[in-house]
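So the chains spell out like this:
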Amino acid sequence: MQTHSLLTCPVCGHAELLEMPAASCQFFHECSACHTVLRPLSGDCCVFCSFGSIKCPPVQNRESCCHPAAEKT
């Protein structure tokens, strides 16, 4: 499993290599260059799934980022 993702701001194109939370969603991230607050796109669970080079760890494990127990049944 990969735990780092290159998060790219859709407004200014600035990219940051960030460590992803292992078992939770990250709903918001402020771009360090233009200060735009990123939010997940419709249908995505977190900013890494929307703007990252790698999907979040729960999604990599084929779990729901926000509700992992629901997907394991």
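Note that the coordinates shown come from a computational prediction; the quantities given were computed from them, not determined experimentally.

The rules behind the values
Residues numbered from 1 in each chain as written. Predicted model: local features only at pLDDT ≥ 70, side-chain atom pairs only at ≥ 80, totals over all residues. Heavy atoms only, no water. Helix = DSSP H or I, 4+ residues; strand = E, 2+ residues; numbered from the N terminus. Buried < 20%, exposed > 50% of the residue type's maximum accessible area, 1.4 Å probe, protein only. Contact = heavy atoms within 4.5 Å. Patch = residues over 30% accessible without salt bridge, like charges linked within 9 Å, V, L, I, M, F, W, Y side chains within 5 Å. Areas by Shrake-Rupley, 256 points an atom, 1.4 Å probe, with all protein chains shown as cover. Salt bridge = Lys/Arg side-chain N within 4 Å of Asp/Glu carboxyl O. Polar contact = N/O pair within 3.5 Å; in protein donor to acceptor, adjacent residues only side chain to side chain.

A. Here's a closer look at the overall build of the protein chain. Check the secondary structure of the protein chain and you find 3 helices and 4 strands. Taken from the N to the C terminus, the helices and strands of the protein chain come in the order β-β-β-β-α-α-α. The buried share of the protein chain, taken over its 73 residues, is 30%. Counting only contacts in the protein chain whose residues sit at least 6 apart along the sequence, the fraction spanning at least 24 positions is 34%.

B. Structural context of a nonpolar patch on the surface. Judged by side-chain polarity, F27, F28 and V37 come together as a nonpolar surface patch covering roughly 280 Å² of accessible area. Residue placement: V37 occurs in strand β4 (residues 37-38).

C. Representation of unusual backbone geometry. Despite not being glycine, H35 has its phi angle at roughly 65°, a positive value. The topology assignment puts H35 in the loop between β3 (29-30) and β4.

D. Expanded view of the side chain of H29. By secondary structure assignment, the location of H29 is in strand β3. At 3.1 Å, the side chain of H29 forms a polar contact with the side chain of E16. In this structure, H29 is in contact with L7, E16, L18, T36, V37, L38 and V47, ignoring residues within four places of it in sequence.

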